[in-house]
Amino acid sequence: MISTMMDVPLSLNHLLERAGRLFPGNTIVSRLPDKSLRRHSYVEYYRRTRALASALQRLGLQKGERVATLCWNHHAHLEAYFGIPAAGGVMHTLNLRLAAEDIGWIAGNAKDRFLIVDDVLLPLYRQFAPLHAFDKVIVFPFSGAAVPEEFADYEQLLADADPDGFDYAAHAETDPVSMCYTSGTTGRAKGVVYSHRSTVLHTLVASLGDYVGLRGSDVVLPVTPMFHANSWGVPYAAVMMGAKLVFPGPHLHPEDLLDLMQLEPPTLALGVPTIWMSLIQLFERALAEQPGRWTMPKGMRSLVGGAAVPESLIRAFDRHGVWLLQGWGMTETSPVASVSYPRHELKDASLDERYRRAAMAGVPVPLVDFRIRTEDGHDAPWDGSTMGEVQVRGPYITGGYHEVPRSDEKFAADADGSVWLRTGDVATMDELAFLRITDRTKDLIKSGGEWISSVDLENALMGHASVAEAAVIAIPDDKWSERPLACIVLRPDQPLDARALDAHLLQCGFAKWQLPERYERIDAVPRTSTGKFWKLKLREQFPR
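Residues numbered from 1 in each chain as written. Predicted model: local features only at pLDDT ≥ 70, side-chain atom pairs only at ≥ 80, totals over all residues. Heavy atoms only, no water.

Participant: Even after reading the chapter, I still don't get the packing of helix α11 (residues 311–318) against helix α12 (residues 351–358), so can you show me in this structure?
Facilitator: How two helices sit against one another is set out by the angle between their axes and by the gap between those axes. Running from N to C, α11 and α12 point in directions that differ by 125 degrees, and their axes come no closer than 9 Å. As far as their axial angle goes, α12 and α11 are oblique. Once α11 is placed against α12, the crossing between them reads as right-handed. Residues Glu-311, Ile-314, Arg-315 and Asp-318 of α11 lie in contact with α12, whose contacting residues are Leu-351, Asp-352, Tyr-355, Arg-356 and Ala-358. Classifying every residue of the contact of α11 with α12 gives four nonpolar, no polar and five charged. (Axes fitted to C-alpha atoms, helices over the stretch in contact; angles between N-to-C directions. Helix = DSSP H or I, 4+ residues; strand = E, 2+ residues; numbered from the N terminus. Parallel < 35°, antiparallel > 145°, perpendicular 65-115°, else oblique. Left-handed = near helix turned anticlockwise from the far one by under 90°. Contact = heavy atoms within 4.5 Å. Nonpolar A, V, L, I, M, F, W, Y, C, P; charged D, E, K, R; others polar.)

Participant: Explain the packing of aromatic side chains here, please?
Facilitator: The description of an aromatic ring pair rests on the distance of the ring centres and on the angle between the ring planes. The tally for this structure, following the rule as stated, stands at 14 aromatic pairs. Ring plane angle 50 degrees and centroid distance 6.3 Å describe the contact between Tyr-125 and Phe-134, whose orientation is recorded as tilted. With relative accessibility at 10%, the residue Tyr-125 sits in the buried group. Clustering of aromatic rings is evident, with ring pairs tying together Tyr-125, Phe-128, Phe-134 and Phe-151. One cation-aromatic arrangement involves Lys-190 over Tyr-401; the distance from NZ or CZ to the ring centre is 5.1 Å. Note that Arg-354 overlies the ring of Trp-323, its terminal NZ or CZ placed 4.9 Å from the centroid. (Phe/Tyr/Trp six-rings, centres within 6.5 Å; stacked < 30°, edge-to-face > 60°. Buried < 20%, exposed > 50% of the residue type's maximum accessible area, 1.4 Å probe, protein only. Lys NZ or Arg CZ within 6 Å of the ring centre and 35° of its normal.)

Participant: When you look at the sheet that holds strand β9 (residues 191–195) in this model, what are you seeing that I'm missing?
Facilitator: Sheets are built from strands that pair by backbone hydrogen bonding, the pairs being arranged parallel or antiparallel. Strand order in the open sheet made by the seven strands is β7-β6-β5-β3-β4-β8-β9, with mixed pairing throughout. Each end of this open sheet is capped by a strand with a single partner; those strands are β7 (152–153) and β9. Note: strand β5 (residues 112–118) against strand β6 (residues 136–140), five bridges, orientation parallel. The partner of Asp-118 across the bridge, within β6, is Phe-140. Lying on the sheet, helix α4 (residues 100–110) is in contact with β3 (66–70), β4 (90–93), β5 and β8 (176–181); it crosses β8 at an angle near 150 degrees. (Pairing = 2+ DSSP bridges.)

Right, here's the structure in full:
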């Protein structure tokens, strides 16, 4: 017997066509550099995106060639998300928060042919321009200023193009559509290449009700940069559903975001814990000092990821009617691999238990297989206590890196030929399939032969009233091999009271031997370009 189903390839072009035909009047809002708002209808977006694809083909773009973007979150960047693959190219989002020399190296490694860049980011481009020569630099006049003569004008290219006469480039569903580079904190960044198939499948899964739960009636505020794992795939999902999008542009300070939320109240916002921490602290301070200045949007929900979400942050937002949904993943997983949604089995659980679960990395999403691999090479039981490395596989999990030989350090091959991505995260899985990340393999602290989770210590410390942020690292110890050192960012006008912090940790259930050897006050936790704690810098600062 054979299946009677049609063999129709999965394609981003279908999502674009759907958006233009089904949702022509829906809205996309972009905040410009001067903080004014620009609006486009979906039908305008559809025509502009086809015009971009037509223009790129007229410039000579060939199938599989890379078009880099150096852009903030706005409508033109969304046009690139669909217009570049529609023309047969591969969109490569460059991380504007990296050092110029790193951006130049990445552009060269990817062999980017064209670059689309915001005019406000031209100073950054000029810093790495000597490191990689693009055939064409296309400037999006984000600020409204005239485009310098030596560059192509994005808006003029679109005006001269033919969206009606454009034909989509032929493709297989396994053809590439975009690429992102890993953060590269322990060596050179590596390229991950996504396909039509992987992107459409990820979009469908992430949109399901227990995860992002995207609806056509949603107003989506993507604070997560579009150069971070494609903003977690949410722009694709929003276009698929015809949801209203509100792009913040370059204005990501808490005050700017709260102002934008008053103008365009979102029902769904996504961002990293760092930004949400600053935002809720400012919001609560304003309640006392400037009552009525801001309100938290009614019914807003939020997907948070990119770093561990402390329980204290979840509790803080819940006080104002916003439930934080924690997701876990990485560039290599497209990225949504698990989400900490409130399972049906927890409907009668106490609020404390719901908070505890919400602070975990979540439950595996469909199509992604998980296993927790112990040091002896066996699968850990789902008992909530046996630790091992998280390994994953699935149709939108990378099986390698761009032009990098596959290594045993990053991938595990089973006897049956199946390949698993070794994530480098150490975790436990419990009987309800909740993943609890205890550490990165390189960040675990082994003291006297026993493991101590730096993540657990950090989350507990950030629950203390005096602590704004905490990062825990291992320091060498002659007797115990390693001991934890807690680096503390204090809230304003708060003292560093080691005894109070020790007492708090004991109250949270830590044993005496798990307490930090000492506490160090720091002004800020160093971060990578993706917002994660950069513990390498702390180890350099505190070698002992």
